[in-house]
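Coordinates in review
Here are the chains, one letter per residue:
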Amino acid sequence: MADPAKTKLGRMLLDEISPVVMVLRTPLVEESCRENELSLIEMLTPYCNFSNIDVPVRTASDQPYRLRRFKLRLFYASEIRKRSSEAAKDRLNQVITHAGDTELSELCSHPAEIESVIACSEQELVPPWFQDFNKELIDAVAFSEHESFDHPVACLLAVSTKDKGPIDKFVDLFNTNQLPPLLNNGAMDPKILKYFLLVHDSRDGTLEKATGIMAEMRSTFGVNDCRLLCINSAVDGTEEHQENPWASYKNNASSDKQLGCFLSVDDIEELRNTMHDLSSKHIIPHMEMKIRVLNQQVSATRKGFRNQIKNLWWRKGKEDVPDNSDGYTFSSTESQIRVLGDYAFMLRDYELALSNYRLISTDYKLDKAWTHYAGVQEMMGLAYFMLDQSRKDAEYCMESAFSTYLKIGPSCGWNVTRCGIWWAEMLKARDQFKDAAGVYFRISGEEPLHSAVMLEQAAYCFLLSTPAMLRKYGFHLVLSGDLYKKYDQIKHAIRTYKGALSVFKGTAWSHIRDHVHFHIGKWYAILGVFDEAIKHMLEVLACGHQSKATQELFLKDFFQIIQETGKTFEVLRLQLPVINFSSIKVVFEDHRTYASSSAVSVGESLWQSLEEEMIPSLSGTKTNWLELKPKILPKKYKESNVCIAGEAIKVEVSFRNPLQIPISISNVSLICKHSAECDEPESDNGSLVEYQNGTELRTLSVNGGSSLDTSLFNLSEADISMLGGENILVQLTVTPKVEGTLKLVGVRWKLSGSVIGVCNFDSDIIRKKVAKGKRKPKQPVKDNLQFLVIKSLPRLEGEIHDLPGTVYAGDLRRITLELRNPSKISVKNLKMRISHPRFLNIAAQEVMNLEFPTCLIKHESSSQSSKQADTPEASSTVYVFPETTSSSWEIPAKWPLWFRAAADGNISLCITIYYEMEDGSSVITYRTLRMHYNVEVLPSLEVSLRISPSPSRLHEFLVRMDVANRTSSENFKIHQLSCVGDQWEVSLLQPIESVFSLGFLMAGQALSCFFKLKNCRTDRNTEGNVVRLVDSESSRLFDTSISPFNLFHHHERLHQERQDQGDGSTVDFILVATPESDSDAGTPTPTTAEIFSYYNCHCR
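Residues numbered from 1 in each chain as written. Predicted model: local features only at pLDDT ≥ 70, side-chain atom pairs only at ≥ 80, totals over all residues. Heavy atoms only, no water.

With that settled, the discussion passes to the overall build of the chain. The number of helices and strands found in the chain is 32 helices and 40 strands. Looking at the chain as a whole, 51% of its 1100 residues qualify as buried. Taking contacts inside the chain between residues at least 6 apart in sequence as the whole, the part at least 24 apart equals 77%. A total of about 51,200 Å² of accessible surface is found on the chain, and carbon and sulfur atoms cover 49% of it. (Helix = DSSP H or I, 4+ residues; strand = E, 2+ residues; numbered from the N terminus. Buried < 20%, exposed > 50% of the residue type's maximum accessible area, 1.4 Å probe, protein only. Contact = heavy atoms within 4.5 Å. Areas by Shrake-Rupley, 256 points an atom, 1.4 Å probe, with all protein chains shown as cover.)

Given below as structure tokens:
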């Protein structure tokens, strides 16, 4: 440990355990001093502290030592009395209140990070007013009868040269009626050192009168005990002191006069010399002499083996009576020993002081004088500390004193506090901060407001411990803040809570963090600092981990504070509701348009694979879909998205209510920034919501709201009510009206009609799924929310009618594609491509006017040939609409499509339609319409055919067909089986009645039947390639050689192609069935299908 005298406790002991000088003065002396806005004591005090007095001292030993540091404490006679408990509390409360009167700017400062707090030293960390508070606590027990270091050592008597009869005045001043109780009740020796000071006001005349009075004083009181002090030599009262020595001792000086304005340099030097003379030539020698005299007396009566036995024998016979401080007068041996110890302590002879404290400690303990015993134990602990000897003994003495004071009761409450403060400082000087915190906590059970200060000091000790005990630091600050608030010290409560906030911020201790934020917000509101109040209340809004009652309390108080302000606040990153940034999706249309939201969710790569054969190749080196003409598209917007004026940009935002209680959200809309001119310089802020100096709160007008310019774009608004824990996906739109640039900045909403929430989009968050794990995209992430708005273009709208959502496998239908062009600008060169031609194909326009499925019934060969010629080529992948279709379409255009459920499962059908603009002046010369549908296909009939050569005929084969109904409730009527091609003839080997006893195939039923297959290459019979499987001649057969049978046969043949097919001939079969309801069961057919087709290709 460093030199104990240089520690904080050492400096404290120098200030508090030093000689006391009682000051007696006449009113005229005080009047002359008041000309300088100072009292006599205030004028002398700066010159009572000597940092290098350099006086030789010899106490009990023959070896002298030099006293370097020394201090005198000056008190008027009226002040030398123990304060009442109420007066002491008032003084302490004034210190706390004065320290709390800080500027609001300091109170509203941002709390420091915990790392920087840990790095602070004790001097930087602990508030400076703690020193004043601790001093007031120590002074609360000053001038006790059992402690002589507060008893006056000398008396300074001051008389003015203007007083009548100065000599008589000196005599009258030391009147027993004016002396403090300590001198009158026998607690101390009234025969103390007297020092006579004659004060001369230089403005009242020359020194002739003062010199005469001075001569008379020396003849009366002695030559060495009298001194003349001249003041107020600066007649004009304009003397200025660069380093004003009284500033730290005088806090309530008037503003119109400077302290010491009539004191010249010579006056100040005279003040310094007067106090130096009093200290070095009078008080210190007087104390030396007193120590030597007392030491001789103590040595003669108490020291030595014989004296100790005699003392113990005498005390053994004393009655066991409680502590009574009046039992020891100044002339008693015990009081003399205590004075000897205290005088030695004040003159820095700690060895002599400790030996006498030990001697008297036993006496007090035997006498059961517990107050005196505790006081001596306290001084022994301090003496051990100043000697830097046994830490164990020092702490034992302080513990003994502390415990004894506690046992005595409330009468020693202030002594307990003083002892605890000294003990804690002793531990802190030895870096035992954890133990010091424990001491502060033990003395925090006294007066509640004072306990708040002690708990705060304990918190700083936990922080200064090694390692830092952060949780205890924050917890004790919270305890301290609660006590401050209990006694209306709101600013102190905010200060301590903000200190605790630096600990809990960014940790998992959410409940205590919410508690701190919530109460700081409420306390700021009490002070009228609503901006800070709202900032802290905002931190607890998304408190999903709290109970329902707590959440209701937080919201209620938050809205109440908002209501008290009478203003509307706009909050950046409002946490209620919570926005899922990773799920934000921006949907816009450039050359790509979408018929439905499901089409948007399809991967871009699939659409590009469908459209690559339809989009014409671009000239030159450009491979992008967009011809970037320099005159139309500025260079800096090449990396921007393109949207069309009049077409909405959709943003899907997911809101989540983290609370258990419902909330209301209104006026949800996007925040956008539009520039009408493409070449306008970009703004650096990139947001319509600008916040200065990093703040997240902005005050709007009283009625709230900010007007938006609807001439540039239209914004949609949504109002939602969210239940506890509910997630809601909200689709917001912005529709630009004029050309230019548009940037999506964020989203805005209003919470419960009270506060506006604003959340700016973060491009990195929204696009992170795109950038993660892939090559850097050509389009920078920073521009994914910025759009180039071009002039209005035609946009086709498309829809497929009669397409079911759920069907059975094999279902064959005719459906209708409807296209609309709401624009007045015509389009041309329409093309279409389908992702799954096995399921969906284009039909001839003539089919639109025919009845289905009647149009598929087998007719004469001439009619069939006509229909076959009109059927589109099966191998075509891109269908080009006729030129007559390229019109503005004032009425919708309809086109037939063939749909067949080729296989069971969930099928995703994608259709893309390409078209070009009649007006070629636009940046975009073509567009595509993307359509998407999901169809669920359920299992129906499972058909398998096996062919084996006939044992008797060379060109004949036996065919076995196995059919199983895999549905749970549907019945099917097997209508016909056809062979593809005219060279084959198929016939049934058994009667139809024996195969289909019921006439249909029930749900879950399976059957087998046999056919004869004959190769008729030389003798073609067009009627022999199909066999009827229904027992009704009225049921006409379907022509499987025409569209859509032949169309889907082509795709099925490609799909069922085998790797080991070889060069041998194969046969393809088409089984046609129709739905049949079970009349006995009375269950209607749940499907609207009219015909089913099943293909078995490459049979051999």
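Still more ground to cover, so stick around.
Glancing now at the pattern of salt bridges. Evaluation of the coordinates by the stated rule reveals 46 salt bridges. Salt-bridge contacts for Asp150 lead to Arg73; the nearest nitrogen and oxygen are separated by 2.9 Å. Residue Asp150 is found in the loop between helix H8 (129-139) and strand S7 (152-160), and its partner Arg73 is found in strand S6 (residues 73-76); the two are separated by 77 residues along the sequence. For Asp150, a relative accessible area of 3% gives the class buried. (Salt bridge = Lys/Arg side-chain N within 4 Å of Asp/Glu carboxyl O.)

Another point: the side chain of Thr1074. Within the secondary structure, Thr1074 sits in strand S39 (residues 1067-1076). Residues contacting Thr1074, with those up to four places away along its chain left out, are Phe972, Lys973, Glu1090 and Phe1092.

With that out of the way, let us pick up the nonpolar core. Nonpolar side chains in soluble globular proteins tend to end up buried together. Judged by nonpolar contacts, the single largest core of 200 residues is most densely connected at Ile283, Phe345 and Phe655. Top element by residues in this core is helix H20 (residues 448-464). It accounts for 12 residues. (Core = buried A, V, L, I, M, F, W, Y, C linked by side-chain atoms within 4.5 Å.)

Right, let's get into the sheet that holds strand S30 (residues 893-900). Pairing is antiparallel across the open sheet formed by 4 strands, whose spatial order is S24-S26-S30-S28. Each of the sheet's edge strands pairs with one partner strand only, and the pair in question is strand S24 (797-801) and strand S28 (840-842). Neighbour-to-neighbour, the strand axes of the sheet open up by a mean angle of 30 degrees, direction not taken into account. For strand S26 (residues 812-820) and S30, the ladder comprises 8 bridges, and the chain directions are antiparallel. Looking at S30, one finds that Leu817 is bridged to Trp895. (Pairing = 2+ DSSP bridges. Axes fitted to C-alpha atoms, helices over the stretch in contact; angles between N-to-C directions.)

The terminal C-alpha atoms of helix H21 (residues 470-486) lie 25 Å apart, and with 17 residues this matches the ideal 24 Å at 1.5 Å per residue to within 8%. By the burial criterion, the buried members of H21 are Tyr473, Gly474, His476, Leu477, Val478, Ser480, Gly481, Leu483 and Tyr484. Phi for Asp488, located one or two positions after H21, is positive at around 65 degrees. (Expected span 1.5 Å × (residues − 1).)

This next bit is on the packing of aromatic side chains. Counting across every chain of the model gives 27 aromatic pairs. Residues Phe75 and Phe143 carry aromatic rings whose centres are separated by 5.1 Å and whose planes lie at 85 degrees to one another, so their mutual orientation is edge-to-face. Here Phe75 is found in strand S6, whereas its partner Phe143 is found in the loop between H8 and S7, with 68 residues between them in sequence. Between Tyr460 and Tyr473, the aromatic rings sit 6.3 Å apart at their centres with planes inclined by 45 degrees, giving tilted as the arrangement. Residue Tyr460 is located in helix H20, and its partner Tyr473 is located in helix H21; the two are separated by 13 residues in the primary sequence. There is no split in this pair, since Tyr460 and Tyr473 are both buried. Positioned over the ring face of Tyr76 is Arg25, at 3.7 Å from the centre of the ring. (Phe/Tyr/Trp six-rings, centres within 6.5 Å; stacked < 30°, edge-to-face > 60°. Lys NZ or Arg CZ within 6 Å of the ring centre and 35° of its normal.)

A separate point is the environment of Gln546. Mapping Gln546 onto the fold places it in the loop between helix H24 (530-538) and helix H25 (548-565). Those residues within four positions of Gln546 in sequence are excluded, and the remaining contacts are Ser510, His511, Asp514, Gln551, Phe554 and Gln660.

As a further point, take helix H22 (residues 490-504). When the terminal C-alpha atoms of H22 are compared, their 21 Å separation across 15 residues agrees well with the 21 Å that a helix rising 1.5 Å per residue should span. Within H22, 13 of the 15 residues are buried, leaving the element largely enclosed by the surrounding structure. A positive phi of about 80 degrees marks Gly506, the residue just after H22.

What follows deals with the sheet that holds S39. Ordered by their spatial adjacency, 4 strands build an open sheet running S38-S35-S39-S40, and the pairing between neighbours is antiparallel. Each of the sheet's edge strands pairs with one partner strand only, and the pair in question is strand S38 (1026-1028) and strand S40 (1092-1099). In this sheet, adjacent strand axes meet at a mean angle of 25 degrees when their direction is disregarded. In terms of strand pairing, strand S35 (residues 971-979) meets S38 through 3 bridges, oriented antiparallel. The residue bridging Ser978 from the neighbouring strand is Val1026, located in S38. Helix H32 (residues 1045-1055) rests against S39 and S40 of the sheet, and its axis sits at about 45 degrees to S40.

Turning to its location among the elements, Ser480 is positioned in helix H21. Looking at Ser480, its side chain comes within polar contact range of the main-chain oxygen of Ala452, at 2.7 Å. With residues up to four places along the chain from it excluded, the contact list for Ser480 reads Ala452, Leu455, Glu456 and Thr496. (Polar contact = N/O pair within 3.5 Å; in protein donor to acceptor, adjacent residues only side chain to side chain.)

So, about a nonpolar patch on the surface. Residues Leu958, Leu989 and Phe1010 make up a contiguous nonpolar surface patch of about 240 Å² in total accessible area. Residue position: Leu958 is located in strand S34 (residues 956-965). (Patch = residues over 30% accessible without salt bridge, like charges linked within 9 Å, V, L, I, M, F, W, Y side chains within 5 Å.)

For the chain, per-residue confidence averages 82 on the pLDDT scale, and 84% of positions sit at 70 or higher. Least confident of the elements in the chain is helix H29 (residues 768-771), whose mean pLDDT is 37; most confident is strand S25 (residues 806-808), at 94. The low-confidence segment residues 764-782, where pLDDT is below 50, has 19 contacts with residues more than four positions distant or belonging to other chains. Every residue in residues 862-875 scores below 50 in pLDDT, and together they form 20 contacts with partners more than four places removed in sequence or on other chains. (pLDDT = per-residue confidence, 0-100.)

Contact geometry of helix H19 (residues 433-442) with H20 gives a least axis separation of 8 Å together with a crossing angle of 165 degrees. The pairing of H19 with H20 is recorded here as roughly antiparallel in orientation. Crossing angle aside, the handedness with which H19 passes H20 is left-handed. Residues Phe433, Ala436, Ala437, Tyr440 and Phe441 of H19 lie in contact with H20, whose contacting residues are Met454, Leu455, Gln457, Ala458, Cys461, Phe462 and Leu464. (Parallel < 35°, antiparallel > 145°, perpendicular 65-115°, else oblique. Left-handed = near helix turned anticlockwise from the far one by under 90°.)

Two strands pair when backbone bridges link them, and strand S8 (residues 193-201) and strand S9 (residues 226-231) are joined in this way by 6 bridges, in the parallel orientation. Within S9, the position partnered with Leu198 by the bridge is Leu228.

Residues Thr466 and Pro467 are joined by a peptide bond in cis, for which omega reads -5 degrees. Along the chain, Pro467 turns up in the loop between H20 and H21. Residues Ser1043 and Pro1044 are joined by a peptide bond in cis, for which omega reads 10 degrees. Checked against the element boundaries, Pro1044 lands in the loop between S38 and H32.

Moving on, we come to the packing of helix H12 (residues 265-301) against helix H14 (residues 333-346). Where H12 contacts H14, the two axes come as close as 9 Å, and the packing angle between them is 135 degrees. Here H14 runs oblique to H12, going by the angle between their axes. Crossing angle aside, the handedness with which H12 passes H14 is left-handed. Along the contact surface, H12 presents Met287, Lys290, Ile291, Leu294, Asn295, Gln297, Val298 and Thr301, while H14 presents Thr333, Gln336, Ile337, Val339, Leu340, Tyr343, Ala344 and Met346. Among the residues making up the contact of H12 with H14, the classes are represented as 10 nonpolar, 5 polar and 1 charged. (Nonpolar A, V, L, I, M, F, W, Y, C, P; charged D, E, K, R; others polar.)

Judged by how many residues are buried, S8 sits mostly within the fold: 8 of 9 residues are covered. Both S7 and S8 contribute to a ladder of 7 bridges, which runs parallel. Across the sheet, the residue bridging to Ala158 is Leu197, located in S8. A crossover links S8 with its parallel partner S9, the connecting element being helix H11 (residues 208-221), and its sense is right-handed. (Right-handed = clockwise from strand over helix to strand, strands pointing away.)

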